[in-house]
Amino acid sequence: MEAEALFEAHTAAELRAVERRLRAGIEQKREELRQMVGERYRDLIEAADTIAEMRLSAERLLGAVRGLQRGGAARPGPAAPARPPAQEGFYRAAAQLKLLLDVPEKVWGAVEGGRYLPAARLHLLGAHLRRQLQLDVPRARSSPVLARFPILLQQVAAVSHLRATILQESKALLKSQTVSDQAVAEALCAIMLLEDSSPRQALADFLLARKLAIQQLLNQPHHGAGIKAQVCSLMELLTTTLYQAHALFYTMPEGMPLDPALPCGLLFSTLESATGQRPAGKGGVLEEEVKLSSWFRYLPESVVEFQPALRTLAHPISQDHLRETLQKWITMCSEDIRAGVSNLLVYVKSMKGLAGIRDAVWELLTSESVSQNWDALCHRLLDKPASLWEDLLQQLFLDRLETLTKEAFDSISSSSKQLLTVALQELEVQPSTSAPSKHIQFEHNVALFLWSESSNDLPCDAAWVSVANRSHFTKSGLSMKAQALTPCVQSFCSALDSKLKARLDDLLSYLPMDSSAKEAAPVVQPRSAFDRYADAGTVEGLLRDRCVACIHHVLGCVREELQSTQSLLGGQADAPSDARLNAVLFMARLCQSLTELCPHLKQCVLGRSDSSEMVLKETRSTKKLGKGKAQEVSPVQAKWQGVKAELLQQSLFAYQIWSSAVTKGLVECFTRTLLLDTAGSVLATATSWDEIEIQEETESGTTVTSKIRLPVQPSWYVQCLLFSLCQEVNRVGGHTLPKVTLQELLRTCMAQVLAAYEKLMEEKQEKKAGTFPVTQNRALQLLYDLRYLSIILTARSEETKPSRIKHDSRMEKVIDFLEGHIDPFDLDVFTPHLNSNLNRLVQRTSVLFGLLTGTENQYTSRSGTLSSQEQHIILPLASNQIRFGLLPLSMSSSRKTKSASRSTDRVQVPPPVLTRAEDEASRPGSLFRQLVTEEEDTAAPSLFKLGWLSGMTK
């Protein structure tokens, strides 16, 4: 399969190059095998010959012993002749040659067993033997020893690379973090003996090896799951290095007792045992070997008692030098660690992964083996406390977390912008080009959505799960309709909220599980290496800032669309298209409902859930206190309030564009009809008048009965204007329109209507030839229409008092102009009846135009008692204006318990008057608002505050 893959992925030239590399590698391996076999073959032959000689020697020795036992034990023999000095020197040289031949094998055995200090001592013994036999001098080849034993030439060449091997293996051992302190001390002693270096140089070699180990660890091939192991191994290597530096190089000051938990001076004690002079007869390097050999008695004393030595004395390292060196080493390693760990953390794609690495580091540094003597160690070596997490890793993790948060919210911003663009493109498609989908039809006409039925209007568990037990994240279809939140708005908010939830869930893994975690941590783990949740506030701040920036980006896109639409609509002379207005209304509803339909947005800004509960409690306490002392608002709450204010501002701006466009189109049609100056047009727009009998007293005292005719209905174009305005408001979900928007709509409409009447007044004052004059009857109708429009379209609130003064002054001019065309005597007679007709008309149309009149203007003249003789064609007036009577059902037990417990906690205040209930019930769309209003006041009864029905509508 590999060969097939190579042929599929490479060209013929590349395959030939691969073949050449493979063949070259094969030849190299063969040559290495030949060299290894050749070197070992000589040793094997020599070992076999030695074994055969040992066997023959042992057999001869046994035979001689047996012969002595058989016949020679009884006869004393003559004394052995003394050996001549020449023969004694020959035996001494032969013993040294034998030892010299055995040294390389013993050195290789020690190196393979990881005993580098004995290997170094044996190597130095071999060098001493070569000096004794004069094999290292320049004219060694003419030595008589080499002439009789030419094999020594090969032996000298074979041991030439032993020193480099021992040094290489010893320095390689220094890089390992799993070896014991004694093994490191022996390796350093071996290096010092072979290189004849000082303890300071040994410290430099040790720290350099550990620096190379850190770089090697950081440059290992990494995978997603191996990054945690690499970071933990890095921290373990750092802590082990500091502990071993103390154990090897630190010496206690004079007079200070030793601490068994923190050993020190191990390098100097090991060096002393390896180089110190022993008593005579105890042996040196060959202490064990001499007892097992038969020829040891021929070795000279300088060989038997050999001990390696340093040229200079190994003075202990001063504490100041040790501290300065370690601080420089930590500074140098910190740069490599920051760069390496930063590169590793790039492969961590989630905050949960970062939390896992942080927790693993915390567990490692908090373990008893590391943290038990860490403070004392840092005080001795560095003269200051040291925290590896805070000094090296914490900022790296925060930087990576910030990068992840930025990338995540940039993705959310771009996807939200794309969703907004797609939604606006779908809304701006003309209905004539293609049949719009059901959701688009709902956006075009919200009334269709409000009165349509769907399967998700009520939750499936509405019959047995109350509102108090239901999660606030679940919204029923009926509550969405009550708030006029169309499916397009719901889908956009749902997509945004799901992404915010994913980000929030990922971030919560980096934060403590609950608020008591920080308080319980010191109790559970008294020797904690660091507070792993110390940067929780910073992390929440990053989330908050990025979330707010994401919302600002979405708002910026909405603002650009609205400004382009505003400039486009401002440049159009004719009525704006419904497609553009539908897009504007979609953005208005989106900004209005974003905080409601995206609950995780609030959690991202406010932080943990307990903060939101605190905000809710403070809000309720503020409501209870009424006009008490103002509660202080935290910066986090202020930021959330700022986000809500910006969203509301954009929503109001969008509604303002819609209201201006609607008012402009309807009032232009109204103005054209009003300014038509022909008799036919006046008759076409006229309505029937009422005939009233009045009795007047003459100068003689007699009573005269006469009939007068007065208007009882406004002109047709006035009724069309108001009805069309109500249709437009109802089409966009009038019960959910902000009060400010509705007031602005009425104010703008009234101002433009007054401008139309002022234009009519100007035309009539010019008295052009051929124009239709303003008769008394037409003036009465125009006056009636104007006063009726002023009642319906005037928003009565405290905020509009300053503007109403200017408004009334303009109206007074028009009224004075119209009254100037009516006979003053007739005007005095007509005015009471005209006012009565006007009040009666307002009462009759209060329901029809209820979306415009609102709670401020409905039934304004109810205080006046109507005469019982008058005949009415109006609806009977209820006292509190509730459309349906209360059902005689008792409240559920859970509601009673909840209300009872709440009443005990609340401040004792007198029951509220019914004025608030009347205002809320008479407000247009109050039926829908009651479906989603939380139970705030138990004293005000309502149909939808019953337990079972409230549960169905939530």
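Since the model is a prediction, treat every value here as computed from it, not as a measurement.

Visitor: Lay out the overall build of the protein with the relevant residues and their values.
Guide: Along its length, the protein carries 39 helices and two strands. The burial tally for the protein puts 41% of its 954 residues in the buried class. The long-range share in the protein, meaning contacts at least 24 apart out of those at least 6 apart in sequence, stands at 79%. Within the structure as shown, the protein displays about 53100 Å² of accessible surface, and the carbon and sulfur contribution to it stands at 55%.

Visitor: Describe the state of the cysteines, naming the residues involved and giving the relevant values.
Guide: This structure, assessed with the given rule, holds zero disulfides. The cysteine Cys 550 is free of any disulfide, with Cys 547 supplying the nearest cysteine sulfur at 6.4 Å.

Visitor: Requested: an account of the nonpolar core, with residues and values cited.
Guide: If you look at the biggest cluster of nonpolar residues, it comprises 216 residues, and the most contacted ones within it are Met 235, Phe 249, Val 361, Leu 393, Phe 586, Trp 658 and Phe 670. If you tally residues by element for this core, the top one is helix α18 (residues 388–427), at 15 residues. Residue contacts for Leu 393: discarding those within four places in its chain leaves Val 231, Met 235, Val 341, Val 361 and Leu 388. Of all hydrophobic cores here, the second largest spans five residues; its members include Phe 442, Val 446, Leu 450 and Ala 484.

Visitor: Let's hear about helix α14 (residues 319–345): which residues, and what values?
Guide: With 27 residues, α14 should cover 39 Å at 1.5 Å per step; its first-to-last C-alpha distance of 37 Å lies within 8% of that length. Buried within α14 we find Leu 322, Arg 323, Thr 325, Leu 326, Trp 329, Cys 333, Ser 334, Ile 337, Gly 340, Val 341, Leu 344 and Leu 345. The inward-facing, buried residues of α14 contact α9 (199–218), α10 (226–249), α15 (351–366), α17 (374–381) and α18.

Visitor: Can you lay out a nonpolar patch on the surface for me, pointing to particular residues and giving the numbers?
Guide: A cluster of nonpolar side chains, Leu 33, Met 36, Val 37, Tyr 41 and Ile 45, forms an exposed patch at the surface whose accessible area comes to about 490 Å². Position of Met 36 relative to the elements: it lies in helix α2 (residues 12–72).

Visitor: So what's going on with the pairing of strand β2 (residues 703–711)? Residues and values would help.
Guide: A regular strand carries its side chains on alternate faces of the sheet. By the bridge criterion, nine bridges tie strand β1 (residues 689–697) to β2 in an arrangement that is antiparallel. Its bridge partner lying in β2, Ile 692 is registered against Ile 708. Taking the residues that link successive antiparallel strands as the turn, the β1-β2 hairpin has five residues, and the phi of Gly 701 there is positive, at about 100°.

Visitor: I'd like a rundown of the pattern of salt bridges, residues and numbers included.
Guide: One pass over the structure, following the stated rule, counts 19 salt bridges. Salt-bridge contacts for Arg 358 lead to Asp 359; the nearest nitrogen and oxygen are separated by 3.2 Å. Looking at Arg 358, the relative accessible area reads 0%, which means it is buried. The residue Lys 639 makes a salt bridge to Asp 545 at a minimum N-O spacing of 3.1 Å. Of this pair, Lys 639 sits in helix α28 (residues 635–674) while Asp 545 sits in helix α24 (residues 536–571), and the two are 94 residues apart along the sequence. Exposure remark for Lys 639: the relative accessible area of 34% places this residue in the partly exposed category. Classification of Asp 545 by relative accessible area gives partly exposed; the value is 41%.

Visitor: Run through the packing of helix α8 (residues 181–195) against α9, naming residues and quoting values.
Guide: Axis angle and axis distance: for two packed helices, these are the angle between their axes and the distance between the axes, and together they describe the pair. Where α8 meets α9, the closest approach of the two axes is 10 Å, and the angle between their N-to-C directions is 125°. What the angle tells us is that α8 and α9 run oblique. Every pair of crossing elements has a handedness; the one defined by α8 and α9 is right-handed. Counted together, Val 184, Leu 188, Ile 191, Met 192 and Glu 195 of α8 and Pro 199, Ala 202, Asp 205, Phe 206 and Arg 210 of α9 form the full contact between these two elements. Among the residues forming the contact of α8 with α9, the class breakdown is seven nonpolar, no polar and three charged.

The rules behind each value
- Residues numbered from 1 in each chain as written.
- Predicted model: local features only at pLDDT ≥ 70, side-chain atom pairs only at ≥ 80, totals over all residues.
- Heavy atoms only, no water.
- Helix = DSSP H or I, 4+ residues; strand = E, 2+ residues; numbered from the N terminus.
- Buried < 20%, exposed > 50% of the residue type's maximum accessible area, 1.4 Å probe, protein only.
- Contact = heavy atoms within 4.5 Å.
- Areas by Shrake-Rupley, 256 points an atom, 1.4 Å probe, with all protein chains shown as cover.
- Disulfide = S-S within 2.5 Å.
- Core = buried A, V, L, I, M, F, W, Y, C linked by side-chain atoms within 4.5 Å.
- Expected span 1.5 Å × (residues − 1).
- Patch = residues over 30% accessible without salt bridge, like charges linked within 9 Å, V, L, I, M, F, W, Y side chains within 5 Å.
- Salt bridge = Lys/Arg side-chain N within 4 Å of Asp/Glu carboxyl O.
- Pairing = 2+ DSSP bridges.
- Axes fitted to C-alpha atoms, helices over the stretch in contact; angles between N-to-C directions.
- Parallel < 35°, antiparallel > 145°, perpendicular 65-115°, else oblique.
- Left-handed = near helix turned anticlockwise from the far one by under 90°.
- Nonpolar A, V, L, I, M, F, W, Y, C, P; charged D, E, K, R; others polar.

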